[in-house]
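Commentary on secondary and tertiary structure
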Number of protein chains: 2
Amino acid sequence: MSELRVVSSCRELVSVIADYRKQGRSIGLVPTMGALHAGHLSLVERSLAATDLTFVSIFVNPTQFAADEDLDQYPRPLEQDLEKLSRAGADCVFLPDVSEMYPGNCTTSIEPPQVSRRWEGESRPSHFGGVCTVVLKLLNLIPADVAFFGEKDFQQLAVIRQMVEDLNVATRIEGCPIVREPDGLAMSSRNVYLSETDREIALSLHRTLASVAEQVAQGETDSHLLMAEMRQKLIDSGVSRVDYAVIADPTTLEVVEEVEGTVVALLACQVGQVRLIDNCVIAR
Amino acid sequence: MSELRVVSSCRELVSVIADYRKQGRSIGLVPTMGALHAGHLSLVERSLAATDLTFVSIFVNPTQFAADEDLDQYPRPLEQDLEKLSRAGADCVFLPDVSEMYPGNCTTSIEPPQVSRRWEGESRPSHFGGVCTVVLKLLNLIPADVAFFGEKDFQQLAVIRQMVEDLNVATRIEGCPIVREPDGLAMSSRNVYLSETDREIALSLHRTLASVAEQVAQGETDSHLLMAEMRQKLIDSGVSRVDYAVIADPTTLEVVEEVEGTVVALLACQVGQVRLIDNCVIAR
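**Points about the sheet that holds strand S7 (residues 172–176) of chain B**
Residues and elements named next belong to chain B. Read from one edge of the open sheet, 6 strands run S1-S4-S3-S2-S6-S7, paired in parallel fashion. The open sheet has two edge strands with one neighbour each: strand S1 (5–7) and S7. Recorded for the sheet is a direction-independent mean angle of 25° between the axes of neighbouring strands. In terms of strand pairing, strand S3 (residues 53–58) meets strand S4 (residues 92–94) through 3 bridges, oriented parallel. Bridging across to S4, Ser57 finds its partner in Phe94.

**Observations regarding the packing of helix H8 (residues 196–217) of chain B against helix H9 (residues 223–237) of chain B**
All names here are of chain B. Contact geometry for H8 and H9: axes closest at 9 Å, N-to-C directions at 155°. What the angle tells us is that H8 and H9 run roughly antiparallel. At the point where H8 passes H9, the crossing takes the right-handed sense. Along its contact with H8, which presents Ile201, Ser204, Thr208, Ser211, Val212 and Gln215, the element H9 presents Leu226, Met230, Lys233, Leu234 and Ser237. Residues that form the contact of H8 with H9 fall into these classes: 5 nonpolar, 5 polar and 1 charged.

**Concerning the environment of Thr171(A)**
Residues and elements named next belong to chain A. Within the secondary structure, Thr171 sits in the loop between helix H7 (154–166) and strand S7 (172–176). For the pair Thr171 and Glu254, spaced 83 residues apart in the sequence, the C-alpha separation amounts to 26 Å. Among all residues touching Thr171, those that are not within four sequence positions of it are Leu139, Pro143, Ala144, Asp145, Val146, Ala147 and Val164.

**Here we look at the relation of the copies chain A and chain B**
Superposing chain A onto chain B takes a rotation of 180° combined with a translation of 0.0 Å along the rotation axis, leaving an RMSD of 0.0 Å. In symmetry terms, the pair is related by a two-fold rotation axis. Relative to the rotation axis, the closest C-alpha in chain A is found at Ile110(A), a distance of 2.4 Å. With an isologous cut-off of 70% or more, the 100% of interface residues of chain A that recur at the interface of chain B puts this contact in the isologous class.

**Quick look at the domain arrangement of chain A**
Residue and element names in this part refer to chain A. For chain A, the assigned domains are domain 1 (5–176) and domain 2 (189–279). Computed over C-alpha atoms, the centres of domain 1 and domain 2 are 26 Å apart. Taken together, the contacts link 12 residues of domain 1 with 11 residues of domain 2. When contributions to the side of domain 1 that touches domain 2 are tallied by element, the ones reaching two or more residues are helix H5 (120–123) and H7. Looking at the side of domain 1 that touches domain 2 element by element, the count peaks at 3 residues for H7. Each residue belonging to the side of domain 1 that touches domain 2 can be placed in one class, and the counts come to 7 nonpolar, 3 polar and 2 charged.

**Structural notes on the nonpolar core**
In terms of nonpolar packing, the biggest core is built from 152 residues, with Ile142(A), Ala265(A), Leu267(A), Ile142(B), Ala265(B) and Leu267(B) touching the most fellow members. Leaving out residues up to four positions away in the same chain, Leu267(B) has contacts with Leu205(B), Thr208(B), Met230(B), Leu234(B), Tyr244(B), Ala245(B), Ile277(B), Asp278(B) and Asn279(B).

**Digging into the interface of chain A and chain B**
If you look at the interface, chain A gives 21 residues, while chain B gives 21 residues. For the side of chain A that touches chain B, the secondary structure elements donating two or more residues are strand S5 (109–111), helix H6 (127–141) and H7 of chain A. By residue number, the principal contributor to the side of chain A that touches chain B is H6(A), which donates 4 residues. Residues of the side of chain A that touches chain B, tallied by class, amount to 11 nonpolar, 7 polar and 3 charged.

**A short note on the packing of H6(A) against H7(A)**
Residue and element names in this part refer to chain A. Direction vectors running N to C along H6 and H7 enclose 55°, while the axes themselves pass 10 Å from each other. Considering their axes alone, H6 and H7 lie oblique with respect to each other. Crossing handedness for the pair H6 and H7: right-handed. Contact residues: H6 offers Phe128, Val131, Cys132, Val135 and Leu136, while H7 offers Gln156, Val159, Ile160 and Met163. Split by residue class, the contact of H6 with H7 holds 8 nonpolar, 1 polar and no charged.

**Some remarks on the sheet that holds strand S2 (residues 27–32) of chain A**
Backbone hydrogen bonds hold the strands of a sheet together, and the pairing may be parallel or antiparallel. Residue and element names in this part refer to chain A. With respect to topology, 6 strands assemble into an open sheet ordered S1-S4-S3-S2-S6-S7, the strand pairing being parallel. Across the chains shown, the open sheet's two edge strands, defined by having one partner strand only, are strand S1 (5–7) and S7. Direction aside, the axes of adjacent strands within the sheet are offset by 25° on average. Each of S1, S2, strand S3 (53–58) and strand S4 (92–94) is contacted by helix H1 (residues 10–22), which is oriented at about 135° to S1, the strand it contacts most.

**Observations regarding helix H7 (residues 154–166) of chain B**
All names here are of chain B. Taking 1.5 Å per residue as the helical rise, H7 with its 13 residues ought to reach 18 Å, and the 18 Å between its terminal C-alpha atoms agrees with that figure. With 10 of its 13 residues buried, H7 lies for the most part within the structure. Taken as a whole, H7 has its buried residues at Phe154, Gln155, Gln156, Ala158, Val159, Ile160, Gln162, Met163, Val164 and Asp166. Once H7 ends, the next one or two residues include Asn168, with phi positive near 55°.

**Details of H8(B)**
Residues and elements named next belong to chain B. Taking 1.5 Å per residue as the helical rise, H8 with its 22 residues ought to reach 32 Å, and the 33 Å between its terminal C-alpha atoms agrees with that figure. Buried within H8 are the following residues: Ile201, Ala202, Ser204, Leu205, His206, Thr208, Leu209, Val212 and Val216. In this structure, the buried residues of H8 make contact with H9, strand S9 (262–271) and strand S10 (274–283). Just downstream of H8 lies Gly219, where phi reads positive at about 110°.

The rules behind the values
- Residues numbered from 1 in each chain as written.
- Chains lettered and ligands numbered in written order.
- Predicted model: local features only at pLDDT ≥ 70, side-chain atom pairs only at ≥ 80, totals over all residues.
- Pairing = 2+ DSSP bridges.
- Helix = DSSP H or I, 4+ residues; strand = E, 2+ residues; numbered from the N terminus.
- Axes fitted to C-alpha atoms, helices over the stretch in contact; angles between N-to-C directions.
- Parallel < 35°, antiparallel > 145°, perpendicular 65-115°, else oblique.
- Left-handed = near helix turned anticlockwise from the far one by under 90°.
- Contact = placed C-beta atoms within 7 Å.
- Nonpolar A, V, L, I, M, F, W, Y, C, P; charged D, E, K, R; others polar.
- Least-squares fit on C-alpha atoms with pLDDT ≥ 70 in both.
- Domains from an automatic or database assignment.
- Core = buried A, V, L, I, M, F, W, Y, C linked by C-beta atoms within 7 Å.
- Buried ≥ 20, exposed ≤ 12 C-beta atoms within 10 Å, placed from the backbone.
- Expected span 1.5 Å × (residues − 1).

The following block contains the structure:
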């Protein structure tokens, strides 16, 4: 196991990358906001397997949080994160502070693609602009051969894929499967916010998705009926708000009328103080 | 003289670049909209001197034209352009069509930096968004060590410099001096639109700038007085409209109250059917 290299300035990062590039080694990037869980570590493992060098960025990106969101409370267990990355065998962690990523005169941003407008884009209007801007900056700083993102944030993955295609970014984007707790709850850094009661209610997200998949497997193709049932199940389980619960085309994320081929069931709910998302790709 | 290589697809370009990169050769990029004149060729010469391989792109970028602008009439003398590039010794020309650069599903764009809002940004609100988007795409397709832009489009150069800094693009941006006709008119692909009478009136842009520089050399530091005189001189010469005629900080492009250190005099006028811009950097 080589030692984890910690870089916090863009300038140092550029020279580290140049050195590695000269050696002709391929680079994988795992962009994160820290508070690493098994989901993140599965991306690191995938990168270690697929590329010569694995870079992980830890940056709680302020531009993807709205004013009323949890930027300040977002967990930042830095020491544990570094310990986990070191144990996992990552090669380099990029750990910039906010002024390093967004100096005072930094005013350029990305206007994200069409696929950003629905669902999360409706609930969090400025979110994907912030995500696209920081991801593009990271890909310019760390011109990886492959960058790894979790399918948990399904729309984010679709948005980033489209941005990378639209702007001719050379990095290949690879989506990795959702990692779940033993009881089915999708891993999320925000799960730590859940009270014991809310943690129980939160299981309804996964159960609802499993039930949709089951009904499709049994031949149900009426997506409007399935969507109505999804919403009802979530409400019956005690979530405080359903932002959306839809069956959509996996590329455009537009609602499908009928379940044919591959679709994705996407949902977002408020559970107590926490907004949770989950999804399930379903192939007929 | 090596032969000029013509590439029109992004896919081919990526493989051409990969081959050159393996050889460890440095790359210069000169982005143009074609209709090449001595100004463009000075950028090509600068690139040939500074880098191992010179790429020129020719692409009349629709997203930087407003609906009422001259996209359709913009000159496209392709054969002469290729002849000029071949004679100049450029290595590769990238010649995509619109659908290659903007496939139907391409919806991501760049929200340009603050410095884009003034002057040209007021006269042409969507212009710099289009410029930034296409330049970023070109820099992703052709990850040049250096990209060369003319100082004739002074604000464009400032906007691109800021975008590249804000988005951590690795390419260095180099500005090159304005090339002028013997009588002082700044070279522009749009000069061909000028009638004989308008061509005469157009000389007032250069003369007005020369006069400002002269006054500053003689000790005048009151920028508001100088700006009023610029505007009056242009109107007296018969231009049909002055969009702006200002003395500004060369980085922020904000108007300066007093001429101190280095400033830039910037102007844009309508002359007959043609909108012309020109500028002059003045150091006290």
